[in-house]
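Each chain is listed here by its residues.
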Amino acid sequence: MTTTPDFAIQAHDLRCAYGDFEAVRGIDLEIRSGEMFALLGTNGAGKTTTMETLEGHRRADGGTLSVLGHDPYTERPRVRPRVGIMLQESGFAGELTVAETVDMWLALSSSPLGERGRRPDTAVEAMERLDLADRTDTRVVQLSGGQKRRLDLVLATITRPDLVFLDEPTTGLDPESRRRTWDLIETLRGSGTTIVLTTHYLEEAERLADRIAIMHAGRIAVEGTLAELVHDRPTQISFRRPAELSSADIDRALRTVVGPQRLETVAGDGVVLDVTDAQQALGRLLGWADSQGHRLENITVSQASLSDVFAQIAAGQQKQEELV
Amino acid sequence: MSTARQTKVIARTEWKLIARNKTVLFSATLFPLALTALYLIQDAEGPMAAAGLTSIMVAIFSSMTVYMTVTLTAVSRRQDLYLKRLRSGESSDVAIFAGITLPTALLCLAQMIVVVVVLAIIGFEVPVEPWWIVAAALGSIVSCLAMGLGTASVTPNASAAQMTTVPYFLFVIGSVFATPFADSQLMDLTPGGAVVTFARLAFDVPTPGSALTAAAGLVIWTAVGTEMARRFFRWEPRS
C-alpha cells in the first residue's frame, strides 16, 4: 500500500497483538500531510501500540500501513530519515553532555543539517526556545525530568523531518515549559511538518490538533475535528434551583418547558440540563422563569468539550468492565 | 547514511562513555599489568608453559573484558532506554550492535597487545607461528561478543547480569584449564579448548586438536550467541 501525496499516513484494518491479546483491533487512519493529528485514548486503549507501529518499532499483525509511502517496519531505512520521534520515556546516555547528545544525533542523521563541525540553526534555536541553551555543557544525567523531555523534543525536530511523532511531549513539564513546547510544536506545524501527537492533556489536543481520534478497546471510537467531535454532544445549561421549588417541581416543569432532555440535580440545589439546541432551550427556560416569577441564580451555558466526549467513551469502558 | 558511518558514530560515543567510567578504566589498565605479573612470577619455561599462559591470557581477556562487559553494557543501555533511543533514529540494528560492542573489542585487543609487547621486551618465549595467536584472539573476541549479546538477550536487568554471565564465563575459563587434561580433539569445540589448540599451534606444541576443529568450535559459539540475540534480543525492557 502506498500513500497518496496528500496523506503522510494511511492505515487500513491495522491490527497488533501480544500473543492472544489483540491490542489494536482493525483501525483505519488517514493523516494528511501537514496536519497535526492527536491520538488520544483511555488507559489500555491501544494508542501506544498504534504509535509504535506507525513509528516502525513493531510490525503490524494485520492490515495495511503506509508511512510517507513506505512500510515503516520493513522499509525503515527509507522512512526514518524523514521522521522525528519523541519517545514517551526519554532514553539517553547519561554521561554525555547536552551538546554531545545533540551532536551525536546529528551525526547519526543523513540530513545535510548534520554536517560535521556545525550545529545547525534549528538545533541552536530549538535549544534556546526550550530553555536548554545554557545547559549545553551539562551532563544529561544531571538534567531534571522536564529538561530531558525538552531535550527529547529537540532531538526529534532538529533535522526538520517531514513527519514527527510526539508521544506525550509535555508530561512532567511545568506550565511555562509546556507553553514553550506548544510554541515550538505550532512553529513546526506552521512550517508544514505533519505531527502525530499523543497526550493525556485534553486541552493540549484541543489547542493544537487539527483532527483528533480517541481510541477505546483497540478501536477508534471517534475521529474528526474538534467541532465535529462535539457537534452532536449536548450543551449544558446549569443554574441554582430556586428555593421555593422542590427537585420534583423543577423536574416536572423543565420537562414541560424544555422537553424531555437529560436533567440531573447535583450538589443539592444545582440543576444541570443537557440540551441539543441551547438557544431554544435557554429562551424557553428564561421565559418560563420570568412568567412564573422564579429567579435562576448562577446560570451558565457550557458548550460540549473534548473532555465530555472522552468521559463518555471512558464511561463506556467502565460499563464494559463492570459487565465482565 | 552507511552502516559503517553509523557504527563509527555510536562506537565513538560508546568509547567516550567508557573513558568517563573510572572503574572500567582502572580495571582495563590493571588487568594487563596483573597478567604480565603472572607471567613474570611463574617459574615454568619452554613452549608448553608459554602456550598455557597465552591461552589463559586470551581466555581471561576475552571473557572478562569482552563477554561480561558486552552483556552488562547491552543490558544497562537497554534499561536506560538508550538502545530504543538509537533505534528511533536512522541507525540500523547492525550499526547499533556493532557500535556498542566495538570499543570493548578494541579495548580487549589493546590489552592483549600490551601484554605481548611487554613479554617481547622482557624476552619471553617467542611463538613459532604467531598468527595462530592472532586467530585465537580474534576468534575468541568475536565469539565472546556474540555470546555477550546472546546472554544480554536473556538477561532482564543489570543486577541479573551478575548471575547470567557466570555459566559461560566459567565454561570459557574452565575449558582452558581442562583441555590439557582431557587430551581430546572434542575439546576444540569448547571456547577455551579452541584457544588452547591455537596457542599450542603457535608455539609448536603437540596437540590432539586441529586448527580446523578449533575454528569450528569458535564459529559454533559465535553462531549460538548470534542466534540467541536474533531470536530473543529486545530493544527495551520488558514492561
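Below, the structure is looked at part by part. (Residues numbered from 1 in each chain as written. Chains lettered and ligands numbered in written order. Predicted model: local features only at pLDDT ≥ 70, side-chain atom pairs only at ≥ 80, totals over all residues. Heavy atoms only, no water.)

**A word on the interface of chain A and chain B**
(1) Moving on: Residue-level contacts link 28 residues of chain A with 24 residues of chain B.
(2) Moving on: Summing both partners gives a buried area of about 2,400 Å² for chain A against chain B, and 52% of it is carried by carbon and sulfur.
(3) Moving on: The largest contributions to the chain A side of the interface with chain B come from Arg76, Trp105 and Leu108 of chain A, which together make up 25% of the buried area.
(4) Moving on: Counting across the chain A and chain B interface gives 5 salt bridges.
(5) Moving on: Taken together, chain A and chain B are joined by 11 residue pairs in polar contact (both at pLDDT 80 or more).
(6) Moving on: For the side of chain A that touches chain B, the secondary structure elements donating two or more residues are helix H3 (98–107) and helix H5 (145–157) of chain A. (Contact = heavy atoms within 4.5 Å. Buried area = accessible area lost by both parts, 1.4 Å probe. Salt bridge = Lys/Arg side-chain N within 4 Å of Asp/Glu carboxyl O. Polar contact = N/O pair within 3.5 Å; in protein donor to acceptor, adjacent residues only side chain to side chain. Helix = DSSP H or I, 4+ residues; strand = E, 2+ residues; numbered from the N terminus.)

**Some points on helix H6 (residues 175–190) of chain A**
Residues and elements named next belong to chain A.
(1) Moving on: Taking 1.5 Å of rise per residue, the 16 residues of H6 would be expected to cover 22 Å, and the 22 Å separating its terminal C-alpha atoms lies within 8% of that figure.
(2) Moving on: Capping the start of H6 is the job of one residue whose side-chain oxygen sits 3.1 Å from the backbone nitrogen of Glu176: Asp174.
(3) Moving on: Following H6 by one or two positions, Gly192 adopts a phi angle in the positive range, close to 95°. (Expected span 1.5 Å × (residues − 1).)

**Observations regarding the environment of Gly150 of chain B**
Residues and elements named next belong to chain B.
(1) Moving on: Summarising the element assignment, Gly150 is placed in helix H6 (residues 131–153).
(2) Moving on: When its relative accessible area of 0% is taken as the criterion, Gly150 is described as buried.
(3) Moving on: Here the alpha-carbon distance between Gly150 and Arg230, two residues 80 residues apart in the chain, equals 8.1 Å.
(4) Moving on: In this structure Gly150 touches Gly225, Met228 and Ala229, once residues within four positions along its chain are discounted. (Buried < 20%, exposed > 50% of the residue type's maximum accessible area, 1.4 Å probe, protein only.)

**Quick notes on the packing of aromatic side chains**
(1) Moving on: Overall, the coordinates contain 8 aromatic pairs over all chains when judged by the stated rule.
(2) Moving on: Ring plane angle 35° and centroid distance 5.1 Å describe the contact between Phe97 of chain B and Trp235 of chain B, whose orientation is recorded as tilted. Remark: Trp235 of chain B occurs in the segment after helix H10 (211–232) and Phe97 of chain B occurs in helix H5 (residues 93–121); sequence separation between them is 138 residues. Pair check on accessibility: Phe97 of chain B and Trp235 of chain B agree, each one buried.
(3) Moving on: Across from the ring centre of Phe233 of chain B, 5.4 Å away, lies the NZ or CZ of Arg78 of chain B, which sits over that ring.
(4) Moving on: Sitting over the ring of Trp105 of chain A, Arg85 of chain B keeps its end group 5.7 Å from the ring centre. (Phe/Tyr/Trp six-rings, centres within 6.5 Å; stacked < 30°, edge-to-face > 60°. Lys NZ or Arg CZ within 6 Å of the ring centre and 35° of its normal.)

**Things to note about empty space enclosed by the protein**
(1) Moving on: In this structure the tally under the stated criterion is 1 cavity of 30 Å³ or more.
(2) Moving on: For the largest cavity, the calculated volume is near 140 Å³.
(3) Moving on: Around the largest cavity sit 15 residues that line it, and Val83, Trp105 and Thr159 of chain A together with Gly89 and Glu90 of chain B are the ones nearest its centre.
(4) Moving on: Counting only elements with at least two residues in the lining of the largest cavity, the list comes to strand S5 (83–86) and H5 of chain A.
(5) Moving on: No other element matches S5 of chain A, which puts 3 residues into the lining of the largest cavity. (1 Å grid on protein atoms, 1.4 Å probe; cavity = no way out; pocket = protein on both sides within 12 Å on 5 of 7 lines; lining within 4 Å. Points joined across faces, edges and corners; volume = space filled by probe spheres on them.)

**As for the sheet that holds S5 of chain A**
The strands that make up a sheet pair up through hydrogen bonds in the backbone, lying either parallel or antiparallel.
All names here are of chain A.
(1) Moving on: A sheet is described by the order of its strands in space; here 6 strands give the open sequence S5-S6-S7-S3-S8-S9, paired in mixed fashion. Of all strands in the sheet, those with a lone pairing partner are S5 and strand S9 (219–224), marking the two edges. When strand polarity is set aside, the average angle formed by the axes of neighbouring strands in this sheet is 15°.
(2) Moving on: On the sheet, H6 packs against strand S3 (36–41), strand S6 (163–167) and strand S7 (194–198) and is oriented at approximately 145° with respect to S7. (Pairing = 2+ DSSP bridges. Axes fitted to C-alpha atoms, helices over the stretch in contact; angles between N-to-C directions.)

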